[in-house]
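# Summary of structural features
Listed here are the chains, written in short residue letters.
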Amino acid sequence: MKIAILNSGILPVPAVLGGAVENLTDFYLDYNNRVKLHDITVYSVWDPKVKKHPAMSSCVNHYYYIDTTSFKARIERRIRKYFHSEKEYYNYFIEYYFEKAFSDIKAKHFDYIILENSPGHAYKLSQRGYRNLILHLNNDLLNSESRYHDNIFNSLSLILTCSDYIKERVSTIQACNKIRTLYNAIDVKRFSPQKSSHINREQLGFSENDFIIVFSGRINQDKGVSELIDAMLRMKDVSDIKLMIIGGSFFGNTNNEDSFICSLKDRAKTLEKRIVFTGFIPYEDVPNYLHLADIAVLPSMWEEPFGLTIVEALAAGLPLVTTRSGGIPEICEGVATIVDKENVVNDLATAIIDLYQHPEKRALMAKASVERAQQFDKETYSKKFFAALENL
């Protein structure tokens, strides 16, 4: 088949600046490059880092870039903001990207157009007569309360959702068999437990006898890191329990600290050196940091659509404590300690102390974590992705 991939217009593909959806797109594009199933054209925002990326040499995956940062683009975006804002689904930045991509799409024939996490693009295409549309949904962006949900839903040939939780949300519009769950994935081998690493505990101020909790991911109020610090404060008398917080406030190689991170660091001073903020860590180095820890605690406080950091922790062989949020239980029910959000600080502290005191339980959970993670490997994900297209 001849397929177009229209990404959201925020981050580039390949995922040179990170991004969960962009990394997932890379997985199935890499698979297509190796197996050569389809002729695919990817529409993406431009970033200079893509020029030397190995994906550019593919003979079956083609990349069409829209430069949204040039002087000309900035002027055109501003004009769009002032004269078209009331007609737009997204903001003028994304709509500018869409129109530039559409100018090429309309000149070509595609059997299907896959829209990555962007129901608004489906709406605009449907208004222009397109019906061969597939929505790959990684967030709660299409439900009975969404704008133009009926128009969007009816224009789609297939909706792939990252979890049953998101599938249920889409089904509030209409329950039918064109909504299918395709669980997200990671490169499981990259995160598998390893004995050698270029970083050790001492470099971060920890000792070999410390009991290290790791939190990884974007640091914002939704991710539960504030509640985890509160749990640490409740365990202040257990001096060898330490916390390593991996991540920054947004994507990309930046350690700019927003007011939320500053407030966390102020509260962490109470425990002196028992809480370490690593700041942004390049994705390829994250496994090395995870392997320093004894357990992972990822207490998401919003309805998490899936939770890639959950799978990363499992693949790293870490006993896991998390929350009953969105699609998280689908990933780790039966192998992790899952607490409710109502009394989360107390329950996190209780769960952490339980694992701290029971090394035999940690060993069993670690083994179960590695086994469960195999279900979310990128190769399986890519095969299922294209199998879903073949069944149309």
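Residues numbered from 1 in each chain as written. Predicted model: local features only at pLDDT ≥ 70, side-chain atom pairs only at ≥ 80, totals over all residues. Heavy atoms only, no water.

### Some details on the overall build of the protein chain
So the rule is basically this: The secondary structure listing takes helices from DSSP runs of H or I that are at least 4 residues long and strands from runs of E that are at least 2 residues long, numbered from the N terminus. Note on classification: 1.4 Å probe, protein chains only; a residue is buried when its accessible area is under 20% of the maximum for its type, exposed when over 50%, partly exposed between these limits. When checking whether two residues touch, look at their non-hydrogen atoms; a contact exists if any pair is within 4.5 Å. For the area figures, the Shrake-Rupley method with a 1.4 Å probe applies, and any residue is considered shielded solely by the protein chains shown.
Looking only at helices and strands, the protein chain has 15 helices and 13 strands in total. Over its C-alpha atoms, taken along the principal directions, the protein chain stretches across nearly 65 × 45 × 40 Å. Considering the protein chain as a whole, with its 392 residues, one finds that 54% of them fall into the buried category. Within the protein chain, contacts between residues separated by at least 24 positions form 68% of all contacts whose residues are at least 6 apart in sequence. Accessible surface computed for the protein chain: about 17600 Å², of which carbon and sulfur atoms make up 49%.

### Overview of the packing of aromatic side chains
How two aromatic rings sit relative to each other is given by the distance of their centres and the angle of their planes. Where we set the bar: Any pair of Phe, Tyr and Trp rings, taking the six-membered ring for Trp, is counted once the centres come within 6.5 Å. Such a pair is stacked with planes under 30 degrees apart, edge-to-face with planes over 60 apart, and tilted for the rest.
Under the counting rule described, the total for this entry stands at 20 aromatic pairs. Summarising the aromatic geometry, the rings of tyrosine 28 and phenylalanine 386 are spaced 5.9 Å apart at their centres and angled 90 degrees between planes, so their arrangement reads as edge-to-face. Taken as a pair, tyrosine 28 in helix α1 (residues 20–35) and phenylalanine 386 in helix α15 (residues 378–390) lie far apart in primary sequence, 358 residues in all. Classification of tyrosine 28 by relative accessible area gives buried; the value is 0%. With a centroid separation of 6.2 Å and an interplanar angle of 45 degrees, the aromatic rings of tyrosine 89 and tyrosine 148 are classed as tilted.

### What to know about the sheet that holds strand β1 (residues 2–6)
What counts here: The criterion for strand pairing is that DSSP finds at least two bridges linking the strands in question. Axis definition: a line fitted to C-alpha atoms, limited for helices to the stretch in contact. Angles are taken between N-to-C directions and run from 0 to 180 degrees.
Taken in spatial order, the seven strands of this open sheet run β3-β2-β1-β4-β5-β6-β7, and their pairing is parallel. The open sheet is flanked by β3 (61–66) and β7 (179–181), the only strands paired with a single partner. Averaged over all pairs of adjacent strands, the angle between strand axes in this sheet comes to 20 degrees, irrespective of strand direction. Judged from the six bridges that link them, strand β2 (residues 39–45) and β3 form a sheet pairing that is parallel. What sits directly across from valine 45, in β3, is isoleucine 66. Along the sheet, helix α4 (residues 119–127) contacts β1, β4 (112–116), β5 (133–137) and β6 (156–161); its crossing angle with β5, the most-contacted strand, is approximately 165 degrees.

### Regarding empty space enclosed by the protein
Keep this limit in mind: With a 1 Å grid laid over protein atoms only, a set of points is called a cavity when a 1.4 Å probe fits there but cannot get out and a pocket when it is open yet has protein on both sides within 12 Å along at least five of seven lines; lining residues have an atom within 4 Å of a point. Grid points are joined across faces, edges and corners, and a volume is the space filled by probe spheres set on the points. Classes in brief: Ala, Val, Leu, Ile, Met, Phe, Trp, Tyr, Cys and Pro nonpolar; Asp, Glu, Lys and Arg charged; the others, Gly included, polar.
Applying the stated criterion to the full structure yields one cavity of 30 Å³ or more. In this structure, the largest cavity encloses a volume near 80 Å³. As for the largest cavity, its lining consists of Phe215, Ser216, Lys223, Leu298, Pro299, Ser300, Glu304, Gly307, Thr309, Ile310 and Ile328. Residue assignment for the lining of the largest cavity shows that the elements contributing at least two residues are β8 (211–216) and α11 (308–315). Of the residues in the lining of the largest cavity, the class split is five nonpolar, four polar and two charged.

### Quick word on the sheet that holds strand β13 (residues 337–339)
Strand order in the open sheet made by the six strands is β10-β9-β8-β11-β12-β13, with parallel pairing throughout. Among the strands making up the open sheet, the edge pair consists of β10 (275–279) and β13. The sheet shows a mean angle of 20 degrees between the axes of neighbouring strands, taken without regard to direction. Note: strand β9 (residues 241–246) against β10, four bridges, orientation parallel. Bridge pairing in β10 links isoleucine 245 to phenylalanine 277. The strands that helix α8 (residues 225–234) touches are β8, β9, β10 and β11 (295–298); relative to β9, the one it contacts most, it runs at about 165 degrees.

### Details of a nonpolar patch on the surface
Rules: Nonpolar side chains (Val, Leu, Ile, Met, Phe, Trp, Tyr) are joined into patches within 5 Å and like charges within 9 Å, using only residues with over 30% relative accessible area and no salt bridge. Salt bridges are defined by distance alone: a side-chain nitrogen of Lys or Arg within 4 Å of a carboxyl oxygen of Asp or Glu.
On the surface, Phe71, Ile75, Ile79, Tyr82 and Phe83 cluster together to form a nonpolar patch covering roughly 620 Å² of accessible area. Counting through the fold element by element, phenylalanine 83 comes out in helix α2 (residues 71–84).

### Considerations on the pairing of β9
Rules: When the strands point away from the viewer and the connection leading from the first strand across the helix to the second strand turns clockwise, the crossover is called right-handed.
Most of β9 is tucked away: six of the six residues are buried. Neither face of β9 is exposed, since Ile241, Leu243 and Ile245 on one face and Lys242, Met244 and Ile246 on the opposite face are all buried. Bridging between β8 and β9 involves six bridges; their strand directions are parallel. What sits directly across from isoleucine 212, in β9, is lysine 242. Once the chain exits β8 it traverses α8 before rejoining the sheet at β9, and the crossover so formed is right-handed.

### Structural notes on the pattern of salt bridges
Summed over the entire model, instances satisfying the criterion amount to 19 salt bridges. The partner of glutamate 99 in a salt bridge is lysine 124, and the shortest N-O contact between them spans 3.0 Å. Within this pair, whereas glutamate 99 is found in helix α3 (residues 92–105), its partner lysine 124 is found in helix α4, the two being separated by 25 residues in sequence. Notably, a salt bridge pairs arginine 169 with aspartate 140, separated by 2.8 Å at the nearest N-O pair. Of this pair, arginine 169 sits in helix α6 (residues 164–170) while aspartate 140 is found in the loop between β5 and α5 (149–155), placing the two residues 29 residues apart along the sequence. With a relative accessible area of 24%, arginine 169 lands in the partly exposed category. Classification of aspartate 140 as partly exposed rests on a relative accessible area of 29%.

### What to know about the state of the cysteines
Stated formally: Our working definition of a disulfide is a cysteine sulfur pair at a distance within 2.5 Å.
All told, the structure shown has zero disulfides when counted by the stated rule. Summary of cysteine pairing: cysteine 162 is not part of a disulfide, and the nearest cysteine sulfur, belonging to cysteine 332, is at 14 Å.

### Observations regarding the environment of arginine 131
Among the structural elements, arginine 131 can be located in the loop between α4 and β5. For the pair arginine 131 and phenylalanine 27, spaced 104 residues apart in the sequence, the C-alpha separation amounts to 26 Å. Non-local contacts of arginine 131, meaning those with residues more than four positions away in its chain, are made with Ser126, Asn154, Ser155 and Ser157.

Coordinates in, geometry out; function isn't part of it.
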